Amino acid sequence: MMDYLIQEQSLLGDLLIAPEILAPVRGIVNEDEFSSDFHRMIFRAACDLQDGGQPVDIVPIGEELARMGWPGHTKALADLMAITPTALNWEAHAEAVHRAGMARRLRGVLSEAVEALDGGQDPETVCGNVQAQLDTIAASAASGGLIDGPQAFADLMEYRGGLEAGERRAVVRTGFKALDDALGGGLGAGWMAVLAARPSCGKTTFALNVAEYVARTCGAVLFTSMEETTLSLTAKRVGLAAYLQPARLLNEGHLPDDESDRLAEAAVEMSQRPLFMTTERNLTVSRLKFLARQITGLGLVVVDYLQLLEPAGGRTRYEQITGISRELKLAALELGVPFLVLCKS
């Protein structure tokens, strides 16, 4: 018999012998990580009983299985109890089931990617889909459940230690002192800050100012725009620094000598800053995360603007925007950098 099936049987035997371990087991293993349908149903039955405040032992689990369409398995449950004489190793069994479940999901993702590529799908699209599925798997791998007081304070002290040693950046300053003061020092790691205003109020120009400051002082920036070109964004960047109208840089063939000098000086300085741009029109949050991961020392992500991101689902526009907002917040937490998201109000 395959090792992962033995581990599943051992874990279920542990649960039948010592029902009190079910709660911590649920913090490690989820139902989908069992490879056998029968094992999955036993685990589901036990969880349903616990959630309903019922005793979790062999008789009610057998009755629950019968109710779910799996009758006559009392002997099979007794056999599981016989496999494991003691529940002392439940944690090792749970971890083994969890790892085996992750491995199966990873193989499935990679197999689907190969099939998609063989079927002629665009490699970048396939890569984005794979990344989204890997993010889901990684999120499920993170330890869940309850965190007690000692662990929470230990995490806080570890965080403080990183700050004191200069190994961790608490906030990213915007360059606007009044705004930074109002935010408690700047944009926090993992934040999603929304800048909302009506069209033509200068949101993009403001965001470019913030991006330039961050790129100049503390880290790389990813600036995404789905309604402008790289050329127009670069003209705005240089125009801000050289005190020139972007429209003149794009439309006039000759500039006075002093303006040409300012333009050249600003262009040389700004070209050295780690500010990366993308103007992809059908950008998804998954693709955005993929691009962000390519940048070393990322300090800020700017999204211009929220309503132009491609939704992952949702029938109504409200559901779509809600879904995009949630994805962006999770992306900020996952990448550990602030997201400045522009929004038309």
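Keep in mind it's a predicted model, so treat the numbers as computed, not measured.

A.B. asks: Looking at this structure, I do not really get the overall build of the chain. What am I missing?
C.D. replies: A tally of regular secondary structure across the chain gives 15 helices and seven strands. Seen through its C-alpha atoms, the chain measures out along the principal axes to roughly 90 × 50 × 35 Å. Within the span of the chain, comprising 345 residues, buried residues form 39% of the whole. By element, 55% of the accessible surface of the chain is carried by carbon and sulfur atoms, the whole surface being about 18,700 Å².

A.B. asks: Explain the pattern of salt bridges to me, please; I cannot follow it from the model alone.
C.D. replies: Note on pairing: side chains with opposite charge can pair once their charged atoms come close. In the structure shown here, the tally under the stated rule is 19 salt bridges. Each of the salt bridges in this network shares a partner with another, and the network as a whole consists of Glu212, Arg237, Glu269 and Arg273.

A.B. asks: Can you walk me through the packing of aromatic side chains in this structure?
C.D. replies: Given two aromatic rings, their pairing is described by the distance between the two centres and the angle made by the two planes. Within this structure, the stated rule accounts for three aromatic pairs. Centre to centre, the rings of phenylalanine 34 and phenylalanine 43 are 5.0 Å apart; their planes meet at 40°, and the pair counts as tilted. Here phenylalanine 34 falls in the buried class, since its relative accessible area comes to 1%. A residue is classified by how much of its surface remains accessible, and phenylalanine 43, at 3% relative accessible area, is buried. It is arginine 104 that lies over the ring of tyrosine 4; its NZ or CZ is 5.4 Å from the centre.

A.B. asks: I tried to follow unusual backbone geometry on my own but got confused; where do I start?
C.D. replies: Most peptide bonds adopt trans geometry, and most residues besides glycine take a negative phi value. Each neighbour pair has its own omega, and for aspartate 304 with tyrosine 305 the value is 10°, a cis peptide bond. Topologically, tyrosine 305 is positioned in the loop between strand S6 (298-304) and helix H15 (317-335). Its identity as a non-glycine residue notwithstanding, tyrosine 243 has a phi of 60°, on the positive side. Position of tyrosine 243 among the secondary structure elements: in the loop between helix H11 (230-242) and helix H12 (246-251).

A.B. asks: I would appreciate a short explanation of the packing of H11 against helix H13 (residues 257-270) in the present structure.
C.D. replies: Where H11 meets H13, the closest approach of the two axes is 9 Å, and the angle between their N-to-C directions is 115°. In the packing of H11 onto H13, the handedness of the crossing is right-handed. Residue-level inspection shows Arg237, Val238, Ala241 and Ala242 of H11 in contact with H13, the latter providing Arg262, Leu263, Ala266 and Met270. Here the residues of the contact of H11 with H13 are counted per class, giving six nonpolar, no polar and two charged.

A.B. asks: What should I look at first to understand the sheet that holds S6 in this one?
C.D. replies: Across a sheet, strands are paired by hydrogen bonds formed along the backbone, either parallel or antiparallel in direction. In spatial order, the strands read S3-S7-S6-S4-S5; together these five strands make up an open sheet with parallel pairing. Looking at strand neighbours, the two that pair on one side only are strand S3 (192-197) and strand S5 (275-278), the edges of this open sheet. The sheet shows a mean angle of 15° between the axes of neighbouring strands, taken without regard to direction. For strand S4 (residues 220-225) and S6, the ladder comprises six bridges, and the chain directions are parallel. Bridging from a neighbouring strand, phenylalanine 223 pairs with valine 302 of S6. Sitting on the sheet, H15 touches S3, S6 and strand S7 (339-344), and the angle it makes with S7 is about 165°.

A.B. asks: Before we go on, may I ask you to explain the side chain of lysine 289 in this structure?
C.D. replies: As for its position among the elements, lysine 289 is in helix H14 (residues 285-292). For lysine 289, the side chain forms a polar contact with the side chain of glutamate 334, separated by 3.5 Å. Sequence-distant contacts of lysine 289, defined by excluding residues within four places in its chain, comprise Asp135, Ala331 and Glu334.

A.B. asks: When you look at the nonpolar core in this model, what are you seeing that I'm missing?
C.D. replies: Membership of the largest hydrophobic core comes to 28 residues, with the highest contact counts inside it found for Val25, Val29, Ile42, Phe43, Ile61 and Leu65. At the level of secondary structure, the elements contributing two or more residues to this core comprise helix H1 (3-17), helix H2 (22-26), helix H3 (37-51), helix H4 (58-67), helix H5 (74-83) and helix H6 (90-118). Here the element with the most residues in this core is H3; it accounts for eight residues. Ignoring any residue separated from it by four or fewer positions in sequence, one finds isoleucine 42 in contact with Leu12, Ile61, Leu65, Leu77 and Leu80.

A.B. asks: Help me out: how do you make sense of the environment of leucine 244 in this one?
C.D. replies: By the element assignment, leucine 244 lies in the loop between H11 and H12. Setting aside chain neighbours within four positions, we find leucine 244 in contact with Gly239, Leu249, Glu259, Arg262 and Leu263.

A.B. asks: I'm lost on the pairing of S7 in this one. Help?
C.D. replies: Looking down a regular strand, the side chains alternate between one sheet face and the other. Counting buried residues along S7, five of its six residues qualify, which places the element largely inside the surrounding structure. Note that S3 and S7 share six bridges and pair parallel. The residue bridging alanine 193 from the neighbouring strand is leucine 340, located in S7. Sheet topology note: the S6/S7 ladder contains three bridges and is parallel. Bridge pairing in S7 links valine 301 to phenylalanine 339.

A.B. asks: Just to check I follow, could you spell out the side chain of histidine 39 for this structure?
C.D. replies: As for its position among the elements, histidine 39 is in helix H3. Of note is the side chain of histidine 39, whose polar atom sits 2.8 Å from the side chain of glutamate 8. Excluding its chain neighbours within four sequence positions, the residues that come into contact with histidine 39 are Leu5, Glu8, Gln9, Leu12 and Phe34.

A.B. asks: So what exactly am I meant to see when it comes to a nonpolar patch on the surface here?
C.D. replies: A contiguous nonpolar patch, built from Phe153, Leu156, Met157 and Tyr159 and spanning about 430 Å² of accessible area, is present on the exposed surface. Along the chain, tyrosine 159 turns up in helix H8 (residues 149-164).

A.B. asks: What's the story with helix H10 (residues 203-217) in this structure? I'm lost.
C.D. replies: An α-helical segment advances 3.6 residues per turn. Residues three or four places apart therefore align on the same side. An ideal rise of 1.5 Å per residue puts 21 Å on 15 residues; H10 measures up with 21 Å between its terminal C-alpha atoms. Of the positions making up H10, those classed as buried are Lys203, Thr204, Ala207, Leu208, Val210, Ala211, Glu212, Val214 and Ala215.

Conventions we followed
- Residues numbered from 1 in each chain as written.
- Predicted model: local features only at pLDDT ≥ 70, side-chain atom pairs only at ≥ 80, totals over all residues.
- Heavy atoms only, no water.
- Helix = DSSP H or I, 4+ residues; strand = E, 2+ residues; numbered from the N terminus.
- Buried < 20%, exposed > 50% of the residue type's maximum accessible area, 1.4 Å probe, protein only.
- Areas by Shrake-Rupley, 256 points an atom, 1.4 Å probe, with all protein chains shown as cover.
- Salt bridge = Lys/Arg side-chain N within 4 Å of Asp/Glu carboxyl O.
- Phe/Tyr/Trp six-rings, centres within 6.5 Å; stacked < 30°, edge-to-face > 60°.
- Lys NZ or Arg CZ within 6 Å of the ring centre and 35° of its normal.
- Axes fitted to C-alpha atoms, helices over the stretch in contact; angles between N-to-C directions.
- Left-handed = near helix turned anticlockwise from the far one by under 90°.
- Contact = heavy atoms within 4.5 Å.
- Nonpolar A, V, L, I, M, F, W, Y, C, P; charged D, E, K, R; others polar.
- Pairing = 2+ DSSP bridges.
- Polar contact = N/O pair within 3.5 Å; in protein donor to acceptor, adjacent residues only side chain to side chain.
- Core = buried A, V, L, I, M, F, W, Y, C linked by side-chain atoms within 4.5 Å.
- Patch = residues over 30% accessible without salt bridge, like charges linked within 9 Å, V, L, I, M, F, W, Y side chains within 5 Å.
- Expected span 1.5 Å × (residues − 1).

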